[in-house]
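Listed below, chain by chain, are the residues.
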Amino acid sequence: MHFLKERGVSSLTMESAMPLIVPAMGDLYAVLYPLSEMLLRVVAGLALVLHGLRMPFGYFPDASFTTCNLAMLAEKLDNRGYRPGKLWAAAISATQLGAGFMFTLGIFTRLFAIPIVIFLIVTSQERWRAGGYFWNQRGMEYPLLWTTVTMYFLIHGGGLYSLDQILLGGEF
């Protein structure tokens, strides 16, 4: 708890931000809040990295995705009207692998959240056009959820347990 209080996180800080139904649990909330924030950032970042390994490099071939290398991804993008496909395939791969990895670590979180949010907004729009809203129809529900999660970190930064905090001493 001492580590959290040094960084200005306490049950008092949380209570002033939002009244607690059970004030006696304020210290527990103060501990769990930054941990849950870190977990959310890591899961979102790793989801991007895994997609970045699957689409352009063919990892996880049983994941029912039809592209397994960068050339196939570029061709698919060209066919969907995202031209030049080679440029967009490289940009998507860099966003998912590079920005996703840095986002996972929480280093320069806001900076790397920018291309991720843009990518996910475009993905959500594309999924809406192709399948409507629901995920089981290949709709925008799933990418919209991740867009919202990533936008949270674009606004708030990487959180207490991020390399931004550890190496830079604050949010970037």
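Engineer: Let's hear about unusual backbone geometry: which residues, and what values?
Structural biologist: Cis geometry marks the peptide bond from R83 to P84; its omega dihedral reads -5°. Take P84: it is sitting in the loop between α4 (70-79) and α5 (85-105). Residue F108 is not a glycine yet carries a positive backbone phi of 50°. Following the sequence through the fold, F108 ends up in the loop between α5 and α6 (109-131). The class for F108 is partly exposed, based on a relative accessible area of 29%.

Engineer: Any chance you could break down the confidence of the model for the chain for me, citing the residues and the numbers?
Structural biologist: Residues of the chain with pLDDT of at least 70 account for 87%, and the chain-wide mean is 86. Counted against residues more than four places away or in other chains, residues 10-15, with its pLDDT under 50, gives 12 contacts.

Engineer: Explain the nonpolar core to me, using residue names and the numbers behind them.
Structural biologist: Judged by nonpolar contacts, the single largest core of 17 residues is most densely connected at F103 and I116. Contributions of two or more residues to this core are made by α3 (26-54), α4, α5, α6 and α7 (141-156). When neighbours within four sequence positions are excluded, I116 is seen to be in contact with L48, T95, A99, G100, F103 and T150.

Reading the values: rules and limits
Residues numbered from 1 in each chain as written. Predicted model: local features only at pLDDT ≥ 70, side-chain atom pairs only at ≥ 80, totals over all residues. Heavy atoms only, no water. Helix = DSSP H or I, 4+ residues; strand = E, 2+ residues; numbered from the N terminus. Buried < 20%, exposed > 50% of the residue type's maximum accessible area, 1.4 Å probe, protein only. pLDDT = per-residue confidence, 0-100. Contact = heavy atoms within 4.5 Å. Core = buried A, V, L, I, M, F, W, Y, C linked by side-chain atoms within 4.5 Å.

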